[in-house]
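# Inside the fold
Listed below, chain by chain, are the residues.
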Amino acid sequence: MVSMNTYDPEGFYDELFTAGGVPRHGAKLLVEKINSLPQDDLFLRQKEAEALLLKMGITFNVYGKDEGTEKIFPFDLIPRIIPDEDWQQIESGLKQRIYALNEFLQDIYNDKKIVRDKVVPEDLILSSQTYRKECEGFTPPKGIWCHVTGTDLIRDRDGRFYVLEDNLRCPSGVSYVLENRMVLKRTFPAVFAASRVRPVDEYPVKLREMLEYLAPQTVENPTIGVLTPGIYNSAYFEHSFLSQQMGVELVEGQDLVVDDGHVHMLTTKGLRKVDVLYRRLDDDFLDPLAFRPESVLGVPGIMEVYKSGRIALANAPGTGIADDKVLYAYVPQIVKYYTGEDAILPNVPTYICRDDKERAYVLEHLEELVVKAANESGGYGMLVGPHSTAQQREEFKKKIVANPRNYIAQPTISLSRVPTIAGKGIEGRHVDLRPYVLFGEDIYVQPGGLTRVALKKGSLVVNSSQGGGSKDTWVLFPDENKD
Amino acid sequence: MLSRVANSIYWMCRYIERAENVARFIGVNLNLLLDMNSGTEQHWSPIVMTTGDQELYEKKGQAYDEASVLWFLTFDREYPNSILSCVAAARENARSIREIISPELWEHLNQFYLDLMREDSIRFALQDPQKFYHVILMRSNLFIGLMNNTMSHGEAWNFARMGRMIERADKTSRILDVKYFMLLPEVELVNAPIDYVQWISVLRSASAFEMYRQTKQTITPKGIADFLIFDEHFPRSIHHCVTQAQKCLYNILESPKGPVHPVGKLLGRLRADLDYMDIDEVLELGLHEFLDGLQVKLNNIDLNIGTSFFNIQHHAFSESRQQ
């Protein structure tokens, strides 16, 4: 029998246990269930779940070596559980943060008040690779820029949640949230029902409502599409899944043309006008006439149509500036500036390498710090100090000195852990949390999100491209018997 | 619907139909081999001939023995019409339109592909080929059944079915052409005594033996050609396939005004030929010449489906690509 009675959190904050063998309040039923399973049953269920994911073709493409091969996104059967009181804080914190970042985007592309008030230095904005001059003076439909966000949160040893990264461009992973949930319901139906887990399934409905809200008011039944780079993109499954769940067209750049001031799809019956696109293509590739001229994935002329208000794009081009990793350090001030409130969710303390003093500190302490490039994602362009070699540190030292604007550093956080299947046992593995936020008529936070887990023992890197997997995330309803 | 999507679903079905025909033909031949005691070359070369790809095969410098032919037709990824290549291509098409097809259909096709890709599937094919090719046949049939029962019979489904019917008509014509040529090289022999085992295998290559028996008393080459070309009800006869393809086209165009449409014109003419010709006329013309002409017509229909639905040239489109 696999027993979790001997499970040891080893001094880390554990999402399911308060101490060795003692489950947290909301995790009791789950732990009892796992403890009661016959020998090897848990591993068998894990194998079945993986086979199911492969059969359903829930795979991503691997970049780099073995180009074109598909893998299932590794998945661990033991869920992460978030009690209601923690969730309340996350939800209100995210709403506050996304609201403020949206105000920020509108401001810096228009009045630039925040720059004039010297809260954020102007050169920092103008020097960012993700700042889009093309968007200056523009207000997107309904004044919304960041329609879909996936904010990365981590929990430190002290049990506090911190924002690690804002992802305001094309955050992916929400389809795994929905699929993981489906698998878990099949695997632990009784525990699932008794634990009172909040549902996540309404996400595609909310996403569609948000997209409809963006359509020009004169259009009665707007045509909506999901714009994908195509089947070789690592998130293709998600694009296809979301368009299927929303009942909208999945289009590639080659399916769209600009004609007569509108964007149209090429159909078997001729051209059909498109009103809203949920685009999963980075700004750079969106329009070869406006951005990268060599892009064949995008739609020539779409930016002109967008700026004339004849098509809505989610997310708006230009949102990347708000998730520049250097600008990230200013987000608490940005929140304060636009809402008058302190940020509910704190940032991880961040050293900005363009500042001479902070850079000197970073270069002295590379061994303890995590260093990140301003515009990289997916766990690339990153140095985890405590796990690095002297040679890697030397390389990063050179990079930082050569281009200080492009780097930040943060103390290494001991990410919280969740019991995870490892071989024929259960061991703690580090996790983060990416909840998904939709900004339409109001701001909606999906109760749950993607729990990414670093499957390698001791590793702190949770990205799927770097050996990470995912878990289902159970946000519990408020406790009925609390009072 | 999107032109790209229509194109993908059309080809998805053509590829599966192609894979099924290869599998059936191999299966029948394996069975036939058990009743024969002549050299193997003359058994395995016609199988490659029906694919129309002898040149590709011979370029590889392989002999026409069982193992080489089976590997080529089943697993060779360099050969675009091998069963594995076809199923992989069908699945690749399906992957790009999985929001359009039903999840059941997608999962089935994905599993079909994953199983063929397994290392031990080659061993399975060599150890128990009868069973192996039977499984392929059944998976293709399950594919069609799932498509009919889990997908709405709207535009996408009609494109799918049209693709399958055109592919099937082409394959039936090739089987008949090659076998007729081999078994009956001279027209005068039409009424000479025939090798029943061989002719029954022609019918079986189109899953047609039992159904043939229900409509015709005797097994004759002429009767077989008549059945496979002109029978109105048998699902693999050329006449039936063309009629069904025409229906699909009408459904896609949402009107029976087929003739004004370029594809409608071509399909209509071919249908009229099949409606008003009979087997005596065909034999007089020469079966091979007739079937050859038919294949050219089917190719032309396919080309026109491409230009009128899949690759619509749009002026803004071409201009912007030139910039």
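Residues numbered from 1 in each chain as written. Chains lettered and ligands numbered in written order. Predicted model: local features only at pLDDT ≥ 70, side-chain atom pairs only at ≥ 80, totals over all residues. Heavy atoms only, no water.

## Notes on the overall build of chain B
In terms of regular secondary structure, chain B is built from 17 helices and 0 strands. On C-alpha atoms alone, chain B measures out to a radius of gyration of 20 Å, which is about the 20 Å that the 2.2 N^0.38 rule sets for 323 residues. Across the 323 residues of chain B, 56% fall into the buried class. Taking all contacts inside chain B whose residues are at least 6 apart in sequence as the whole, residues at least 24 apart take part in 66%. As displayed, chain B has an accessible area near 14300 Å², and 52% of this comes from carbon and sulfur atoms. For chain B, the distance from the average position of its 32 positive side-chain charges to the average position of its 41 negative side-chain charges is 7 Å. (Helix = DSSP H or I, 4+ residues; strand = E, 2+ residues; numbered from the N terminus. Rg over C-alpha atoms; globule rule 2.2 N^0.38 Å. Buried < 20%, exposed > 50% of the residue type's maximum accessible area, 1.4 Å probe, protein only. Contact = heavy atoms within 4.5 Å. Areas by Shrake-Rupley, 256 points an atom, 1.4 Å probe, with all protein chains shown as cover. Lys, Arg positive; Asp, Glu negative; His and termini not counted. Charge placed at Lys NZ, Arg CZ, Asp CG, Glu CD.)

## Here's the deal with a negative patch on the surface
Taken together, the side chains of Glu202(A), Glu209(A), Glu441(A) and Asp442(A) present a region of like negative charge at the surface. Here Glu441(A) is to be found in the loop between strand 22 (436-439) and strand 23 (443-445). (Patch = residues over 30% accessible without salt bridge, like charges linked within 9 Å, V, L, I, M, F, W, Y side chains within 5 Å. Salt bridge = Lys/Arg side-chain N within 4 Å of Asp/Glu carboxyl O.)

## Considerations on the pairing of strand 13 (residues 270-273) of chain A
Residue and element names in this part refer to chain A. Both strand 12 (residues 262-267) and strand 13 contribute to a ladder of 4 bridges, which runs antiparallel. In the sheet register, Leu266 faces strand 13, and the bridge partner there is Leu271. Between the antiparallel neighbours strand 12 and strand 13 lie 2 residues. (Pairing = 2+ DSSP bridges.)

## Concerning the pairing of strand 24 (residues 450-454) of chain A
Successive side chains on a regular strand alternate, one facing one side of the sheet and the next facing the other. All names here are of chain A. Among the 5 residues of strand 24, 5 are classified as buried, and the element is accordingly described as predominantly covered. Along strand 24, one buried face is formed by Leu450, Arg452 and Ala454 and the opposite face, lined by Thr451 and Val453, is buried too. Bridge count for strand 21 (residues 425-434) against strand 24 is 4 bridges, and the pairing is antiparallel. Residue pairing in the sheet places Val431 in a bridge with Val453 of strand 24. In terms of strand pairing, strand 24 meets strand 25 (residues 468-475) through 4 bridges, oriented antiparallel. Paired with Arg452 across the two strands is Ser470, which belongs to strand 25.

## So, the domain arrangement of chain B
All names here are of chain B. The domain boundaries assigned to chain B delineate domain 1 (1-151) and domain 2 (152-313). Using C-alpha coordinates to define each centre, domain 1 is positioned 21 Å away from domain 2. Facing the 30 residues of domain 1 at the interface are 33 residues of domain 2. Of the roughly 3000 Å² buried between domain 1 and domain 2, counting both surfaces, carbon and sulfur atoms make up 62%. (Domains from an automatic or database assignment. Buried area = accessible area lost by both parts, 1.4 Å probe.)

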